[in-house]
Amino acid sequence: MSSKLIGKTISLSSKVLKWGRESIGFDLLTASKKLNVDVEQLKKWESNDNNIPLSRFKLLSKVYKRPSAVFLLSEPPVEKFPSEFRKHVDEKRIEFTPDTYLSIRKAKRLQNIFIEINGKEDNEFVKKINTYSAYSDAEKVAEKVASLLGIEYEEVLKHRDSFSQLKIWKKTLEEVGILVVELKFNTLEARAFSLYSEVAPLIALSTKDSPTARIFSLMHELSHLIFKTNGIDIEEDYVNYEKDNKLEYFCNRFAGALLVPKKELLNQIEKNNINVNNFSNEEHLDSALNALSIKFKVSSQVILRRLETLSLLTFSTYLEKHKKLSSKTPFIKKPIEGGDYYLNIIKNNGALLISKLLEAQSENKITHSDLLNYLNMKSENIDKLETRILHY
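A short tour of the structure in this document, coming up.

Here's the deal with the pattern of salt bridges
Opposite charge on two side chains permits pairing when their charged atoms draw close.
Part 1 of the argument: A full pass over the atoms with the stated rule returns 19 salt bridges.
Part 2 of the argument: Of the charged contacts in the structure, one is a salt bridge between Arg21 and Glu46, with a shortest N-O distance of 2.7 Å. Of this pair, Arg21 sits in helix α1 (residues 14–22) while Glu46 sits in helix α3 (residues 39–47); the two residues are 25 residues apart in sequence, bridging distant segments of the chain. An identical accessibility class is assigned to Arg21 and Glu46; each is buried.
Part 3 of the argument: In this structure, Lys43 and Glu40 form a salt bridge, with 3.6 Å as the shortest nitrogen-oxygen distance. Taken together, the residues span about one helical turn, with Lys43 and Glu40 both in helix α3 at a distance of 3 residues.
Part 4 of the argument: Taken together, the salt bridges that share partners define one network made up of Glu282, Asp286, Lys321 and Lys324.

What follows is the structure, encoded as structure tokens:
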């Protein structure tokens, strides 16, 4: 500890102060406003160890979303920011906003909690799908993963609304030990991300995205886990079918094949009396894309690519329609304040992790106080949460 209390001020490390600001994505101007200090004063604090008013010290924890004790350290704590995420920022020239930084931090925390309470035994599903990385055929890998997951497409497709289908897909992955959480981050910075772990693999979806987009994101990120990589993707990655980016190319092909398998697609084409020989007629193609995207709960872009991949659509027709669909403004879900408190808790922490925590408490592996701390909840709300999780 390097801090020293002097009167009504406290001496803090300039390096820790700068790290605290940068690790949440604040520039100097934004941070100074939130801390209610002059920009030049904040620059000074971050340049040399300085005495800081206690009133500002108390604000640091709130503004930078860190425990107060962290700011008493002489050096910034070591945090492993995934190299793939840093590359994503550099290559896409994206600046993460605080919501995205906080979502990544929360996801890593949840992953660590799961390992802490569930042990360090390898996830058998992940071990199995890692062996599929040797295959170059995304269709074949999708078939193998679908079989491993025990997916019954007839059951999945009978749900008419996309939120119900998203819930089914999430539950399917949670049943094989993959943590799935939904957090609030900007879809222009990331549609979704995944944190690879042989013990506690995690996929994070954005609550600001449409449910159909989240469904595709879920399976795209699952593909990243096959290759033992952390993944973070934006819209352009999801429509990337250029073979020069082999990983994203494979992930998109895999997600499409898993969500819209050939057999089921052909069945729906027949049921909807779709004439594949008439796709040069734009009105007919639009009608087909609409009907099939509604049925499979994916975007028209995904259906369009599946039709081309399976040689049901010419490449020239695909390109023409792809350009038109790409020119449309992407869906950005408007934030809803409040909502269902317990549902938000389940989405933000993941049904799998919450179930493990409740089980650990019942078996006296963790205390009730531990449970409250992990979930950041009040004691009087736990019983209701337990009831909700049973019926989720």
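Read on, since the account is not over.
Some words on unusual backbone geometry
Where the residue is not glycine, phi is negative for most of them; where a peptide bond is considered, it is trans in most cases.
Part 1 of the argument: One non-glycine residue, Lys65, lies in the positive phi region at around 55 degrees.
Part 2 of the argument: Checked against the element boundaries, Lys65 lands in the loop between α4 (54–64) and α5 (83–92).
Part 3 of the argument: In this model, Asn376 sits at a positive phi of 55 degrees, which is unusual for a non-glycine residue.
Part 4 of the argument: Within the secondary structure, Asn376 sits in the loop between α20 (368–375) and α21 (382–390).
Part 5 of the argument: Relative accessible area serves as the criterion here: at 69%, Asn376 is assigned to the exposed category.

A look at the sheet that holds strand β4 (residues 179–183)
Sheets are built from strands paired through backbone hydrogen bonds, the pairs being either parallel or antiparallel.
Part 1 of the argument: Strand order in the open sheet formed by 4 strands is β4-β6-β5-β7, with mixed pairing between adjacent strands. Either end of the sheet is taken by a strand with one partner, and the two such strands are β4 and β7 (231–233). Between one strand axis and the next, the sheet turns by 15 degrees as a mean value, whatever way the strands run.
Part 2 of the argument: Pairing geometry for β4 and strand β6 (residues 202–206), over 5 bridges, is parallel. Note on β6: the bridge partner recorded for Leu183 is Ser206.
Part 3 of the argument: Relative to the sheet, helix α11 (residues 211–226) contacts β4, β5 (192–195), β6 and β7, its axis offset from that of β6 by approximately 155 degrees.

Scoring rules and cut-offs
Residues numbered from 1 in each chain as written. Predicted model: local features only at pLDDT ≥ 70, side-chain atom pairs only at ≥ 80, totals over all residues. Heavy atoms only, no water. Salt bridge = Lys/Arg side-chain N within 4 Å of Asp/Glu carboxyl O. Helix = DSSP H or I, 4+ residues; strand = E, 2+ residues; numbered from the N terminus. Buried < 20%, exposed > 50% of the residue type's maximum accessible area, 1.4 Å probe, protein only. Pairing = 2+ DSSP bridges. Axes fitted to C-alpha atoms, helices over the stretch in contact; angles between N-to-C directions. Contact = heavy atoms within 4.5 Å.

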